[in-house]
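Survey of secondary and tertiary structure
Listed below are the residues making up each chain.
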Amino acid sequence: MARQGDAMTVTGPRQAVGEMTAAVRLTDVSKVFGRGTSAVRALDRITLDVPSGEFTCLIGASGCGKSTLLSLVAGLEQPTSGEVSVLEGGRGGGRGVALMFQEPALFPWLTAAGNVELALRARGLGRAERRQRTTELLDVVRLGGFGGKRPHELSGGMRQRVALARALAQDADVLLMDEPFGALDAMTRDLLHDELDRVCAGRQLTIIFVTHNVREAVRLGDRVVVLSSRPGRVIDEFAVPIEHPRRIDSARVAELAGRITDRLREEMSHDSR
Amino acid sequence: MTPGNQQASVPAYAERLAWLEAQEAETPADQRGRRLANRAWTALWPKVLAIAIVLGVWQLIHVSGWKKLIFPGPAGTLSDLWGQLQRGLLWRAIAITSERAVIGFALAVVIGAVVGALVSRIAPLRAAFGSLITGLQTMPSIAWFPFAIILFGISTTTILFVIVLGAAPSIANGLIAGVDYTPPLLLRAGKMMGLRRLSLYRYLILPASLPAFVAGLKQGWAFAWRSLVAGELLVIIANQPSLGVLLSTDQDQADMQGATSIIIVILILGIIVDMVFGVADRAIRRRWGLTGTV
């Protein structure tokens, strides 16, 4: 498929599906920006498998290359060395990778419905199907009555929900989320966590969710991967064996978040030495 | 509505919206008419005030007796204008000049948009022509007339040629600026959606460029109008009594009142078209949520 063309030249020919269980696989991936003395190593030999259907949270201090990692998986940038591969067509008709940003990045000249519909149009869907799917997707994010509103007429949380509907419209197997709720207030964020849980429940989505909020990571993820800063390395990972529905203020979430925070602090004190 | 209690207030918000829409539907026509009149008055009174001030200053100069024999006062000029409006010649001139303006500007829009689209997307073209376009934009278009008259003679083509040269660079530059300032985040979002090349251009870059393009159109119109009036003073075609021809005749006959009347007509026409662009610009800004009042 054309959209993944750039990424595939790096990853080489598609691997045999049988031996590749991970939806996203990073093997020994490094990313260096710039050259010579001014070169900055953003990511250093990252190896990470994200199994199909897993919700993986990446956490780390600022400057750990989290966003760079997502850009590599999205194919917006190429790794300096190593391999990034994304399992395609896992569900048949799957369309690779969708990406959500910290800002909603909605197109201001289109209505909420228009934004969702454009993603469907990019997939080549016909008019009738587009209209029907748009209605469904807006219902999924509980914005049924707001399709005709323009982005500036919606609140921050509603805009981010439109962005989620737009990302879902791509019908991608892999959803990358780059601090999508980072700009929202705590209460709105809490509600959107519930929404995201609900949306994911019915879908075989593989999610890589970048955040610097440890509790958010534990609240949402099946697994939390901790990255170090400058250069970004995988230093630890934590499974999250807490059953759903979870609450961000529950004791178990707090307890695990505490342990992860300790691990992060330890890493940061190494850094400063 | 505060984002904090969003989920709770969404149904309430929807209800309020439905209620507002119902109100809108039930509004009697006369009430809406009154609101419209109110708004028109709010928009108009500063302009009326401005005109009054100009007329006042003009009258003062006239009363002061400066160049008394040749400098007409507002009363004499306006009655001359009124008289001209009763006769067919001025209307015919307005028609001829407007037709040239419309044709010339339309050509400039087409050429400017095509050039802008090509130059903004094709890097070698931009390197070659980018600064040339900006250079053309600053070039006084009246300088083209000797060139155009030698090329096309005393003809409408000459005038249209200079209008296009005057207006197209601004229009092209407006589009180029719009393309350049397409927010990178939106471009990333579009690429992630799978928009590529032509579809990226059509569904993302062009609509994102619209405000800058309209600004370019507005500026292009100003240049077109200046070029046109200059051209009509220089290129006088027989049996085509344009506004420029009337102005030129008034100059020959030292008819100061007549000349001033035509200047007022030219000014008003220019302002009217500029207002049309203003309306378009505001409509876009409102749609995009760029105004502070929404």
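Model, not experiment: these values are computed from the prediction.

Now for the overall build of chain A. Looking only at helices and strands, chain A has 8 helices and 9 strands in total. The buried share of chain A, taken over its 273 residues, is 45%. Pairs at least 24 apart in sequence give 74% of the contacts found in chain A among residues at least 6 apart.

What follows covers helix 4 (residues 127–140) of chain A. All names here are of chain A. An ideal rise of 1.5 Å per residue puts 20 Å on 14 residues; helix 4 measures up with 20 Å between its terminal C-alpha atoms. Where helix 4 is buried, its residues contact helix 3 (112–122) and helix 5 (156–169). Immediately downstream of helix 4, the backbone of Arg142 shows phi near 60°, a positive value.

Moving on, we come to the packing of helix 4 (residues 88–121) of chain B against helix 10 (residues 243–252) of chain B. Residues and elements named next belong to chain B. Two elements in contact, helix 4 and helix 10, have axes whose closest approach is 7 Å; the angle formed by their N-to-C orientations is 130°. In terms of orientation, helix 4 lies oblique with respect to helix 10. Residues Ala93, Ile94 and Thr97 of helix 4 form the contact with helix 10, whose own contacting residues are Leu243, Val245 and Leu246. Grouping the amino acids of the contact of helix 4 with helix 10 by side-chain chemistry returns 5 nonpolar, 1 polar and no charged.

This brings us to the interface of chain A and chain B. Across the boundary between the two partners, chain A contributes 30 residues, which contact 25 residues of chain B. Elements that contribute at least two residues to the side of chain A that touches chain B include exactly strand 5 (97–100), helix 3, helix 5 and helix 6 (186–201) of chain A. Its residues placed into classes, the side of chain A that touches chain B shows 17 nonpolar, 7 polar and 6 charged.

A few words now on the sheet that holds strand 5 of chain A. All names here are of chain A. Here we have 6 strands laid out as an open sheet, ordered 5-6-7-3-8-9, and mixed in their pairing. The sheet is open, and its two borders are formed by strand 5 and strand 9 (234–239), each paired with just one other strand. In this sheet, neighbouring strand axes are inclined to one another by 20° on average, regardless of whether the strands run parallel or antiparallel. Looking at chain direction, strand 5 and strand 6 (residues 174–178) are connected through 4 bridges and run parallel. Bridge pairing in strand 6 links Met100 to Met177.

A few words now on the sheet that holds strand 4 (residues 81–86) of chain A. Residue and element names in this part refer to chain A. If you trace the 3 strands from one edge of the open sheet to the other, you get 2-1-4, paired in antiparallel fashion. Looking at strand neighbours, the two that pair on one side only are strand 2 (40–51) and strand 4, the edges of this open sheet. Shown here is a sheet whose adjacent strand axes are inclined to one another by a mean of 15°, direction ignored. As paired elements, strand 1 (residues 22–33) and strand 2 share 8 bridges and run antiparallel to each other. Across the sheet, residue Lys31 finds its bridge partner in strand 2, namely Leu43.

All names here are of chain A. Relative to each other, helix 3 and helix 5 sit at 20°, their axes nearing to 8 Å. Regarding the angle of helix 3 to helix 5, the classification is roughly parallel. Viewed along their axes, helix 3 and helix 5 form a crossing whose handedness is right-handed. Only Val162, Ala165, Arg166 and Ala169 of helix 5 make contact with helix 3, whose side of the interface consists of Ala112, Asn115, Val116, Ala119 and Leu120. A breakdown of the residues in the contact of helix 3 with helix 5 according to their chemical character gives 7 nonpolar, 1 polar and 1 charged.

Looking now at helix 11 (residues 256–288) of chain B. All names here are of chain B. Compared with an ideal rise of 1.5 Å per residue, which puts 33 residues at 48 Å, helix 11 spans 48 Å between its outermost C-alpha atoms and is within 8% of the ideal. Within helix 11 the residues assigned to the buried category are Gly258, Ala259, Thr260, Ser261, Ile262 and Val265. Residues of helix 11 that are buried in the fold lie against helix 3 (74–86), helix 4 and helix 10. Count one or two residues on from helix 11 and you reach Gly289, which has phi positive near 75°.

A few words now on the nonpolar core. With 131 residues, the main nonpolar core has A:Val73, A:Val116, A:Leu176, B:Ile163, B:Ala167 and B:Ala224 as its most contacted residues. In terms of residues, this core owes the most to one element, helix 7 (residues 156–180) of chain B, which gives 14 residues.

Time to look at the environment of A:Ala169. Residues and elements named next belong to chain A. With respect to the helices and strands, the residue Ala169 is situated in helix 5. Residue classification places Ala169 among the buried positions, given that 28 C-beta atoms sit within 10 Å. Setting aside residues no more than four positions away along its own chain, Ala169 makes contact with Val116, Ala119, Leu120, Arg133 and Leu137.

Our next topic: the environment of A:Ala112. Residue and element names in this part refer to chain A. One can find Ala112 in helix 3. A C-alpha to C-alpha distance of 5.0 Å links Ala112 and Gly147, two positions 35 residues apart in sequence. Residues contacting Ala112, with those up to four places away along its chain left out, are Leu138, Leu143, Phe146, Gly147, Lys149, Leu154 and Val162.

Glancing now at the environment of A:Ser71. Residues and elements named next belong to chain A. Among the secondary structure elements, Ser71 is positioned in helix 2 (residues 66–74). Overall, Ser71 belongs to the buried group, with 20 C-beta atoms counted inside 10 Å. In this structure the C-alpha to C-alpha distance between Ser71 and Leu176, which are 105 residues apart in sequence, comes to 9.1 Å. Beyond its immediate sequence surroundings of up to four residues, Ser71 is in contact with Leu76 and Glu77.

It is worth spelling out the pairing of strand 7 (residues 206–211) of chain A at this point. Residues and elements named next belong to chain A. Counting buried residues along strand 7, 6 of its 6 residues qualify, which places the element largely inside the surrounding structure. Judged by which residues are buried, strand 7 turns out to be covered on both faces: Thr206, Ile208 and Val210 on one side and Ile207, Phe209 and Thr211 on the other are all buried. In this sheet, strand 7 lies alongside strand 3 (residues 55–59) in parallel orientation, the contact comprising 5 bridges. Note that in strand 7 the partner of Cys57 across the bridge is Phe209. The sheet contact formed by strand 6 and strand 7 spans 5 bridges and is parallel. Each residue of the ladder has a partner; that of Asp178, found in strand 7, is Val210. Read as a crossover between parallel neighbours, the route from strand 6 over helix 6 to strand 7 is right-handed.

Rules and cut-offs
- Residues numbered from 1 in each chain as written.
- Chains lettered and ligands numbered in written order.
- Predicted model: local features only at pLDDT ≥ 70, side-chain atom pairs only at ≥ 80, totals over all residues.
- Helix = DSSP H or I, 4+ residues; strand = E, 2+ residues; numbered from the N terminus.
- Buried ≥ 20, exposed ≤ 12 C-beta atoms within 10 Å, placed from the backbone.
- Contact = placed C-beta atoms within 7 Å.
- Expected span 1.5 Å × (residues − 1).
- Axes fitted to C-alpha atoms, helices over the stretch in contact; angles between N-to-C directions.
- Parallel < 35°, antiparallel > 145°, perpendicular 65-115°, else oblique.
- Nonpolar A, V, L, I, M, F, W, Y, C, P; charged D, E, K, R; others polar.
- Pairing = 2+ DSSP bridges.
- Left-handed = near helix turned anticlockwise from the far one by under 90°.
- Core = buried A, V, L, I, M, F, W, Y, C linked by C-beta atoms within 7 Å.
- Right-handed = clockwise from strand over helix to strand, strands pointing away.

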